[in-house]
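# Close look at the chain arrangement
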2 protein chains.
Amino acid sequence: MTRLFNDPSDFPDEARLGLVAAHRDKLMAVPGGVVRSTRSEPGTVAVVIGGGSGHYPTFAGLVGQGLAHGAVMGNLFCSPSAQQVYSVAKAANNGGGVLLTFGNYAGDVLHFGEARERLVAEGIPCEIVTITDDVASAPLNEIDKRRGIAGDLTVFKATAAAAEEGNSLAEVVVVAREANHRTRSFGVAFDGCTLPGASDALFHVPEGKMAIGLGIHGEPGISEADVPSANGLAEMLVARLLDELPEGVTLAGARVVPILNGLGTVKYEELFVVYRRVDELLREAGVRIVEPDVGELVTSLDMAGVSLTLLWLDDEMERLWTAPADAPGYRKGSVRPAEAIDASEVEVVVQGEIPEASQASRELADGVVAALEALAVTVDENAEMLGRIDAVAGDGDHGIGMQRGSKACLEAARQAQSDGAGAETVLRFAGERWADKAGGTSGAIWRVILTSIGEALGDEHPLVAERLAAGVSAASDNVMSFGKAKPGDKTLVDVLVPFSESLSASVASGEGVVAAWKKASERAGEAAEATAELLPKVGRARPLAEKSLGTVDAGATSLALITRCLIPVLKRCG
Amino acid sequence: MTRLFNDPSDFPDEARLGLVAAHRDKLMAVPGGVVRSTRSEPGTVAVVIGGGSGHYPTFAGLVGQGLAHGAVMGNLFCSPSAQQVYSVAKAANNGGGVLLTFGNYAGDVLHFGEARERLVAEGIPCEIVTITDDVASAPLNEIDKRRGIAGDLTVFKATAAAAEEGNSLAEVVVVAREANHRTRSFGVAFDGCTLPGASDALFHVPEGKMAIGLGIHGEPGISEADVPSANGLAEMLVARLLDELPEGVTLAGARVVPILNGLGTVKYEELFVVYRRVDELLREAGVRIVEPDVGELVTSLDMAGVSLTLLWLDDEMERLWTAPADAPGYRKGSVRPAEAIDASEVEVVVQGEIPEASQASRELADGVVAALEALAVTVDENAEMLGRIDAVAGDGDHGIGMQRGSKACLEAARQAQSDGAGAETVLRFAGERWADKAGGTSGAIWRVILTSIGEALGDEHPLVAERLAAGVSAASDNVMSFGKAKPGDKTLVDVLVPFSESLSASVASGEGVVAAWKKASERAGEAAEATAELLPKVGRARPLAEKSLGTVDAGATSLALITRCLIPVLKRCG
């Protein structure tokens with residue numbers, strides 16, 4: 001149960017500010033997250049970590065000397081927006097380039113990827129390493145599809161220590177990949193967590209049972225078993241991880257860092273009782289244990305669960321793991337004192353200027369605002385239904401996320417419109433705000449859709465059918481490129497692609513905007529229904545790695561609804 | 001819910017061993033608890049802390065450089081025995097004397113006090129400072145009756161830093177008292193904690209309510225209110241503590257260390273949301289904040305609760321608070337590396353030898369064993385009833401504790417008897433084992449009773465009425481001296497004193513052992529009934545500081561029952 005909050009929607013931001021207030025010697029708040037308040041060696045690679053909030057000390061509690069330079073903090077369990085990632089990366093940059101590293105979730109991959117493109121376009125070298133330690137989330141032959149759980153810590157620690165040693169960005173990337181390769185985790189959950197303001201947990205596990213293969217965002221696991229004794233649990237966790245040694249590691253004489261992680265309400269005493277047996281089992285297997293950790297390191301609010309992570313060491317990895325660190329939520333050894341920096345020395349990203357626009361594009365911008373109004377109304381009317389669809393395979397928050405995003409996006413569009421922006425700029429600002437406020441995968445995708453269409457419309461032209469069709473086509477390509485989803489993966493792409501193809505074909509054959517859009521929208525509706533029919537078959541048995549894309553399935557329905565509601569607006573504009 | 005355990009009775013010990021396994025660089029297990037595994041400066045005062053288990057990182061997680069030298073660990077929420085305290089103190093001693101410091105609870109006061117007497121008797125200087133930070137547990141004019149909660153941390157930290165600086169025992173005692181004087185705490189609870197193996201929590205707070213003035217052993221608080229917003233809670237906690245500044249502190253320009261402590265299942269994010277407002281309020285009050293702590297520092301298993309502690313600083317206290325520390329559960333700044341010590345260098349206390357005994361005393365020892373058998377049977381038969389009486393004002397575990405203690409005591413007595421011990425030694429070993437296994441206040445008191453009687457009977461004499469009456473009289477005096485309870489405080493003393501007085505008077509007037517004991521036992525029964533009648537009036541409204549003595553009320557009934565059941569045994573012996 002989460003009981004202590006003010007306005008639930010302020011919870012993650014107030015937690016961030018409280019954390020900074022408690023650790024002013026280490027942290028500074030910047031738009032989108034936190035960065036170190038101590039000076040880093042100029043020219044060192046900045047390690048920027050992040051993801052949704054709700055996992056303290058991960059992510060913001062892992063910023064400090066010897067650990068990360070900055071942490072991007074999304075809403076609870078929601079990916080941060082690209083704008084947030086970009087802002088934190090700019091503030092954390094020490095002139096040595098930026099390494100973005102985070103757990104492998106679709107929304108995070110989208111947003112960090114987009115931020116990386118912006119940084120690189122500005123001449124700031126930037127690389128990405130995603131973390132895939134959870135053996136329960138996909139089989140070994142699809143290891144790249146695995147998600148990141150408590151293994152986040154070992155990758156962050158080794159990567160940051162390599163940066164602290166003064167290695168180049170390319171060298172730090174190699175270390176981060178190697179640390180991820182050498183890290184494996186496996187966990188169980190006894191009960192779900194409760195978001196602030198919610199009256200019940202995201203899921204429950206029956207009394208006396210446990211869910212095997214827990215996630216850290218309320219995902220309920222892949223199978224169920226009776227709760228074993230503490231020793232029995234230790235044996236299960238160790239056996240599963242010894243069964244899958246990373247390539248290149250042999251058990252005899254191996255060195256390993258065990259991390260027994262509590263997800264929230266499992267108590268320290270329980271963790272120590274389990275660890276007692278973990279320690280015995282690893283010793284019996286002939287492994288040498290190096291600086292273990294037992295505690296709450298990657299949590300999931302008040303979820304009841306526990307995971308075991310093993311980092312298999314070589315000489316370099318041992319040196320990096322045992323190097324000193326001094327972050328609010330993780331301290332090891334003795335760091336050299338670092339100078340405090342002044343807030344004025346940190347680069348703070350502010351919202352961009354409004355570029356010049358033609359009268360025609362400013363008039364088109366009025367139509368864009370009308371379209372976003374229609375979109376927001378439609379989303380609002382259908383939010384509950386979208387939530388229900390999403391609850392089949394996802395976490396049921398698609399409706400709420402779309403509501404939050406479309407409402408914020410409309411406000412940004414109206415502001416830009418009244419500041420004299422053209423169609424492209426209105427759509428860009430609207431898309432950025434959507435992603436900023438809604439977070440998650442759908443926020444990222446709608447940002448891509450709106451900005452892609454905006455770029456095609458430009459800030460100089462009236463409404464031109466070919467430009468609109470090209471914009472939708474670019475949106476379709478860009479969503480696939482960002483989201484790594486293909487047609488047939490049962491995502492929003494299954495609707496977007498046929499919609500775009502129909503629109504382009506009609507426009508190419510000389511049809512008017514309204515007729516072409518109407519036909520394409522009917523095609524989208526059919527595709528959405530075909531996708532929705534698959535949902536009941538998918539249900540809970542679906543592999544976990546795909547589950548993080550769950551909201552996109554409901555997204556197929558949203559997209560079809562939205563294309564339809566825009567027909568009257570186009571009629572008025574056209 | 002506590003879910004991960006093996007045999008519930010092994011839980012505290014397995015947790016201790018798991019903790020040591022995870023922190024071999026800092027900790028070493030010794031009988032009764034843990035000590036540092038690093039070398040301390042010879043001649044420095046050893047700071048030994050302790051109490052019941054279930055409060056991690058307090059107590060064992062606070063052993064390490066810059067913090068405690070040793071921690072004594074009792075059963076869950078039960079005071080450790082004097083033997084355990086003695087053992088840990090001997091192992092932690094660096095030749096500079098020992099400071100024992102712990103929260104002010106009756107059982108701890110008894111056992112640490114008794115251990116201190118043994119250490120002093122052996123020529124090891126030893127002092128005691130109890131912690132009384134909880135403003136809810138007694139009014140200001142009875143500040144010595146207050147119990148210790150999260151303020152344990154500030155007192156331990158300052159005391160240990162003073163020891164680390166090389167101060168003498170007398171100087172360290174002054175610092176410990178001053179730190180306690182400058183520390184105040186206040187807390188609330190939202191739900192109780194569950195012991196391993198128990199099917200429900202020790203108490204529940206109604207949904208949407210909170211108990212004000214929480215304890216850390218499942219005590220449910222002194223009043224109830226609606227759960228406020230996070231800001232509302234911050235305001236309540238800060239207002240209560242600013243309302244009672246320690247003597248000598250003025251608000252204007254004051255420096256303070258705030259500690260916002262989570263009791264178990266309140267999450268870090270919630271604590272930070274509350275702390276955000278605590279920080280604002282203290283700044284608005286014109287106070288300078290120094291190195292705050294927000295986290296789980298003094299827990300109560302999986303209890304849902306939060307407390308705020310304020311340590312008001314002067315220059316010395318600020319220096320001691322900010323000094324480096326490196327314990328498993330608390331790290332600050334950078335300590336100098338310390339050399340590891342070998343287990344063989346640490347003094348380990350083993351059970352004493354059996355002294356010579358006369359044939360007459362060995363025969364009397366057979367009677368003692370028979371008496372302890374009768375006692376164990378009577379306790380067993382009445383355990384449920386004793387638990388029910390205890391549940392009125394205490395935590396309902398008196399019957400279980402007495403069962404555990406009397407059973408273990410009987411085993412120790414039989415072993416000593418078969419090893420040829422006399423009456424005194426049999427009673428001493430029996431009493432020590434009782435306190436060791438049962439813990440808590442009643443364990444301590446029965447140890448005092450049995451050893452006091454044993455000393456009077458000696459290892460050389462047959463049963464002599466005067467010796468028995470003198471032993472009971474000594475037991476009565478020693479229990480009052482240890483427990484600080486007077487006749488009329490509604491404790492076991494209300495039965496013990498009239499029983500002893502009646503026995504002494506009858507023996508002095510020439511009555512035989514059996515007749516004198518029988519008369520005294522009737523007097524004890526009357527006194528117990530008078531005490532029991534008061535219980536329903538006392539109930540939940542009773543002040544908290546007295547509540548920790550709750551088990552002694554049920555103890556009055558036990559004592560009366562036990563005196564009665566011994567009459568047939570005395571008839572056989574006499």
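What counts and what doesn't
- Residues numbered from 1 in each chain as written.
- Chains lettered and ligands numbered in written order.
- Predicted model: local features only at pLDDT ≥ 70, side-chain atom pairs only at ≥ 80, totals over all residues.
- Heavy atoms only, no water.
- Pairing = 2+ DSSP bridges.
- Helix = DSSP H or I, 4+ residues; strand = E, 2+ residues; numbered from the N terminus.
- Axes fitted to C-alpha atoms, helices over the stretch in contact; angles between N-to-C directions.
- Phe/Tyr/Trp six-rings, centres within 6.5 Å; stacked < 30°, edge-to-face > 60°.
- Buried < 20%, exposed > 50% of the residue type's maximum accessible area, 1.4 Å probe, protein only.
- Contact = heavy atoms within 4.5 Å.
- Buried area = accessible area lost by both parts, 1.4 Å probe.
- Salt bridge = Lys/Arg side-chain N within 4 Å of Asp/Glu carboxyl O.
- Polar contact = N/O pair within 3.5 Å; in protein donor to acceptor, adjacent residues only side chain to side chain.
- Domains from an automatic or database assignment.
- Nonpolar A, V, L, I, M, F, W, Y, C, P; charged D, E, K, R; others polar.
- Least-squares fit on C-alpha atoms with pLDDT ≥ 70 in both.

### Observations concerning the sheet that holds strand β2 (residues 33–36) of chain A
Residues and elements named next belong to chain A.
- Spatially, 6 strands are ordered β1-β2-β4-β3-β5-β6 in an open sheet, and the strand pairing comes out mixed. Two strands close off the open sheet at either side, each with one partner strand: β1 (27–30) and β6 (126–131). Averaged over all adjacent pairs, the angle separating strand axes in this sheet is 25°, with direction ignored.

### Remarks on the packing of aromatic side chains
All names here are of chain A.
- Under the counting rule described, the total for this entry stands at 14 aromatic pairs over all chains.
- Here W434 and W446 contribute two aromatic rings whose centre-to-centre distance is 5.2 Å and whose plane-to-plane angle is 5°, an arrangement assigned as stacked. With W434 in helix α11 (residues 423–438) and W446 in helix α12 (residues 440–457), this pair connects stretches of sequence that are 12 residues apart. The residues W434 and W446 share a single accessibility class, namely buried.
- Plain terms: the ring middles of F499 and W517 are 5.0 Å apart, the flat faces sit at 80° to each other, and that makes the pair edge-to-face. In this pair, F499 is assigned in helix α14 (residues 493–508) and W517 in helix α15 (residues 513–538), connecting sequence segments 18 residues apart.

### Comments concerning the interface of chain A and chain B
- Facing the 52 residues of chain A at the interface are 52 residues of chain B.
- Of all residues in chain A, R3(A), L4(A) and F272(A) bury the most surface against chain B, accounting for 17% of the area lost on that side.
- On the surface where chain A and chain B come into contact, there are 4 salt bridges.
- The interface formed by chain A and chain B holds 24 residue pairs in polar contact (both at pLDDT 80 or more) in total.
- Sorting the residues of the side of chain A that touches chain B by element identifies α1 (11–22), β7 (183–191), α6 (230–242), α7 (268–284), β13 (304–313) and β15 (330–332) of chain A as the ones contributing at least two each.
- In terms of residue count, the dominant contributor to the side of chain A that touches chain B is α7(A) (10 residues).

### Things to note about the sheet that holds strand β3 (residues 46–53) of chain B
All names here are of chain B.
- Across the sheet, which stays open at both edges, the 6 strands sit in the order β1-β2-β4-β3-β5-β6 with mixed pairing between neighbours. Every other strand in the sheet has two partners, leaving β1 (27–30) and β6 (126–131) as the edge strands with one partner each. Sheet twist, expressed as the average angle between the axes of neighbouring strands with direction ignored, equals 25°.
- Alignment of strand β5 (residues 98–103) against β6, held across 6 bridges, turns out to be parallel. In the sheet register, G103 faces β6, and the bridge partner there is I131.

### Overview of the domain arrangement of chain A
All names here are of chain A.
- Taken domain by domain, chain A comprises domain 1 (8–324) and domain 2 (359–573).
- In this complex, domain 1 contributes 24 residues to the contact, which on the side of domain 2 involves 21 residues.
- With both chains or domains summed, domain 1 and domain 2 bury close to 1800 Å², and 60% of this area falls on carbon and sulfur atoms.
- One can count 1 salt bridge joining domain 1 with domain 2.
- If you look at where domain 1 meets domain 2, you find 4 residue pairs in polar contact (both at pLDDT 80 or more).
- Those elements that provide at least two residues to the side of domain 1 that touches domain 2 are α2 (82–92) and α3 (106–121).
- The element that contributes the greatest number of residues to the side of domain 1 that touches domain 2 is α3, accounting for 8 residues.
- Partitioning the side of domain 1 that touches domain 2 into residue classes produces 9 nonpolar, 9 polar and 6 charged.

### Notes on the pairing of strand β4 (residues 70–76) of chain B
All names here are of chain B.
- The element β4 is extensively covered by neighbouring structure, given that 6 of its 7 residues are classed as buried.
- In terms of strand pairing, strand β2 (residues 33–36) meets β4 through 3 bridges, oriented antiparallel. When the bridges of β4 are listed, V34 appears paired with A71.
- Sheet analysis places β3 next to β4, joined by 5 bridges and oriented parallel. Looking at the pairing, G50 lines up with V72 of β4.

### Overview of the relation of the copies chain A and chain B
- The operation relating chain A to chain B is a screw motion whose rotation component is 179°, with 0.2 Å of axial translation and a residual RMSD of 0.2 Å. Expressed as an axis order, the relation between the two copies is that of a two-fold axis. Residues of chain A ranked by C-alpha distance from the rotation axis are headed by S334(A), positioned 2.2 Å from it.
- Most of the interface of chain A is mirrored in chain B: 100% of its interface residues are interface residues there too.

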